[in-house]
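# Close look at the chain arrangement
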Amino acid sequence: MSTNVGARTWPRRIVLMVAVALALPFATVGAQPPAEAGGKPPIEALFADWRAFETPPSHEGAPDYRAATFERRRGELARFRSRAAALAAGTLSTEARIDLALLRAEINGFDFNVRVLQPWVRDPAFYATVWTEQSDTPAHEGPTAHGLAELWTYSFPLSPQDETRLAGELRPIPAFLSQARGNLTGNARDLWTTGIGTMRGQASDLADLEAKVASAGPELRKAVAEARTATESFVAWLDEKAPSKTGPSGIGKESYTWSQQHVHLLPMTWEDEVAILKRELARAHASLKLEEERNRGLPPMTAAQDDAEYQRRADRAIRKLVAFLGERGLYPMRDTMDAELRLRRGAFVPIEQRNFFAIAMHYEPLTLYTHSSHWWELARMRDEPHPDPVRQGPLLYNLWDTRSEGMATAMEEILLHAGLFDDEPRTREIVWIMLAQRAARGLASLYLQANEFDLAQAKAFQVEWTPRGWMRPDLDLLGFEQQLYLRQPGYGTSYITGKVQLEDLMRERSHQLGQLGDSFTLKRWFEEVHSAGIIPVSLIRWQLTGNGEEIRGIVARE
């Protein structure tokens, strides 16, 4: 956020911009140094070396997360930091400096995970390596091990080649879970108990897979059976150890702030985030009440009564959203946008089984389809990869969270203000309900990370402050969300903090263009943001405006 906004604008400085001499120079013009002997520019070469290092060595056929291995590997971070510092001392373009900032952030992420988060020590869910669904974000949310089996990438019945590939992905599971029994020495009770549920889920998924591949070759059937047996045995071991786990699971305010600033490049403290989420929670509730007053004389919303009606509403919503964006010239359009949403249109759910998002979808699918701009971004990442190799694939350690979740959340309110729901005033109420729910769960996650709440209190807070009783404690969504936000500090708040950063970027960019005698349009803003890649919003701000104060302040404190 720009220094053009005075301190009086915020009750407390949200953005930490420190006016000190920098540890590294940050020029905004120039070119990358000459290519190294291998032909790659130095930053790309360093990035490739870093990613190769970040992948752990193998132990008994599984990724090696043992303490002694991490102690040795953490000592090697110094040489990567040294190489990055040497490159930063040269004359680089803004884009190259942004790439260096991304590289430094990933190195910090590795360091933070080894020093503080230690999911392989504290969190049994880390050892779940079978995934049945694709995430709507660049990579899976939360800490994940290397060597996952992504079942959603397969079409059944499997080809012989896919049988071989899947068997190879499942074969390490027994050795990995055996290693886990020695690694998991932490005392984080809430992480432990929720992790048991995650591993039970893996056992169930493997049982389903076993039935699916009953006619497959012997190698795959053996790999599935052994993975299932090992997972069930691991669950029994976790259950046996659970009574001895009595400690807190949050990482504390100081570590939380360090992670947000130095890994996720979010220039906020734990206290800043509390202030922002409290404000957004209040704004969402107040806006909902004002919408209800405005709509007082209108008929109440009705939910879809069967799948046929649900599908009619979904089809209409998809057509309306894509047409609205295209006809109004609000968004950079692609031919696959309609199809990407149709793949995730959903289906009718009985009322007693509907979670928060299913409730919203059954009243008006259009509200959640605005958030599903996630899928458009993943399609763009797949079909039109960023020209910069550092930004082509998913960043590690969920560095993309504020950009990915922040944009999807911002889209809901952006399109509300742009007029998408003008002919359906009651639908506007759902947008504010969704914002309130995201603020409530994010605020609960902050108190949970600070160990001011335990998991039960965080759940209760989220239920209490989600309007109309739409967040029910008896459905799985509540536990899933708070478990994820406990496992990945900052993820629960990224929907709101990212949205706030993007709104401020819109303010600054429109003001800057106005001063240059140029015109701001929403479509142009989206195009510019997309062109930077799915990277932290602070870096997008730097690229679009030339203002790198946020990152300089963070680097100065490293």
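Keep in mind it's a predicted model, so treat the numbers as computed, not measured. (Residues numbered from 1 in each chain as written. Predicted model: local features only at pLDDT ≥ 70, side-chain atom pairs only at ≥ 80, totals over all residues. Heavy atoms only, no water.)

It is worth spelling out the overall build of the chain at this point. Regarding its fold elements, the chain presents 25 helices and four strands. Projected onto the principal axes, the alpha-carbon positions of the chain cover approximately 65 × 65 × 45 Å. The proportion of buried residues among the 558 residues of the chain is 56%. Long-range contacts, defined here as pairs at least 24 residues apart, represent 77% of the contacts in the chain between residues at least 6 apart. For the chain, the exposed area adds up to about 22500 Å²; of that, 53% sits on carbon and sulfur atoms. Once the 65 positive and 74 negative side-chain charges of the chain are each reduced to a mean point, those two points are 3 Å apart. (Helix = DSSP H or I, 4+ residues; strand = E, 2+ residues; numbered from the N terminus. Buried < 20%, exposed > 50% of the residue type's maximum accessible area, 1.4 Å probe, protein only. Contact = heavy atoms within 4.5 Å. Areas by Shrake-Rupley, 256 points an atom, 1.4 Å probe, with all protein chains shown as cover. Lys, Arg positive; Asp, Glu negative; His and termini not counted. Charge placed at Lys NZ, Arg CZ, Asp CG, Glu CD.)

Contact geometry for helix α24 (residues 537–545) and helix α25 (residues 549–556): axes closest at 8 Å, N-to-C directions at 125 degrees. The angle between α24 and α25 falls in the class oblique. In this structure, α24 uses Ser538, Leu539, Arg541 and Trp542 to contact α25, whose residues at the interface are Glu549, Glu550 and Ile551. Along the lines of polarity and charge, the residues of the contact of α24 with α25 split into three nonpolar, one polar and three charged. (Axes fitted to C-alpha atoms, helices over the stretch in contact; angles between N-to-C directions. Parallel < 35°, antiparallel > 145°, perpendicular 65-115°, else oblique. Nonpolar A, V, L, I, M, F, W, Y, C, P; charged D, E, K, R; others polar.)

Across all of its chains, the model carries 54 salt bridges by this definition. A salt bridge links Arg426 to Glu429, with the nearest nitrogen and oxygen atoms 2.7 Å apart. Of this pair, Arg426 and Glu429 both sit in helix α19 (residues 425–449), three residues apart, which is roughly one turn of the helix. Beyond isolated ion pairs, a larger network of salt bridges with shared partners links Arg334, Glu340, Arg344, Arg382, Asp383 and Glu384. (Salt bridge = Lys/Arg side-chain N within 4 Å of Asp/Glu carboxyl O.)

Quick reminder: α-helices carry 3.6 residues per turn. Residues three or four places apart thus point the same way. Look at helix α12 (residues 307–328): 31 Å from first C-alpha to last across 22 residues, which is about the 32 Å you get at 1.5 Å a residue. Within α12, burial applies to Glu309, Tyr310, Arg313, Ala314, Ala317, Ile318, Lys320, Leu321, Val322, Phe324 and Leu325. At its buried positions, α12 is contacted by α13 (337–342), α14 (356–363), α15 (365–371), α16 (373–383) and α18 (401–418). Where α12 begins, the side chain of Asp306 points an oxygen toward the backbone nitrogen of Ala308, at a separation of 3.3 Å. (Expected span 1.5 Å × (residues − 1). Polar contact = N/O pair within 3.5 Å; in protein donor to acceptor, adjacent residues only side chain to side chain.)

Taken as a whole and judged by the stated rule, the model has 32 aromatic pairs. A ring pair is formed by Phe453 and Phe461, whose centres lie 5.8 Å apart and whose planes are at 50 degrees; its orientation type is tilted. Note on Phe461: relative accessible area 15%, which makes it buried. Here the guanidinium or amino end of Lys245 rests over the ring plane of Trp192, the centre of that ring lying 4.4 Å away. Over the aromatic face of Tyr495 sits the side chain of Arg441, whose NZ or CZ is 4.2 Å from the ring centroid. (Phe/Tyr/Trp six-rings, centres within 6.5 Å; stacked < 30°, edge-to-face > 60°. Lys NZ or Arg CZ within 6 Å of the ring centre and 35° of its normal.)

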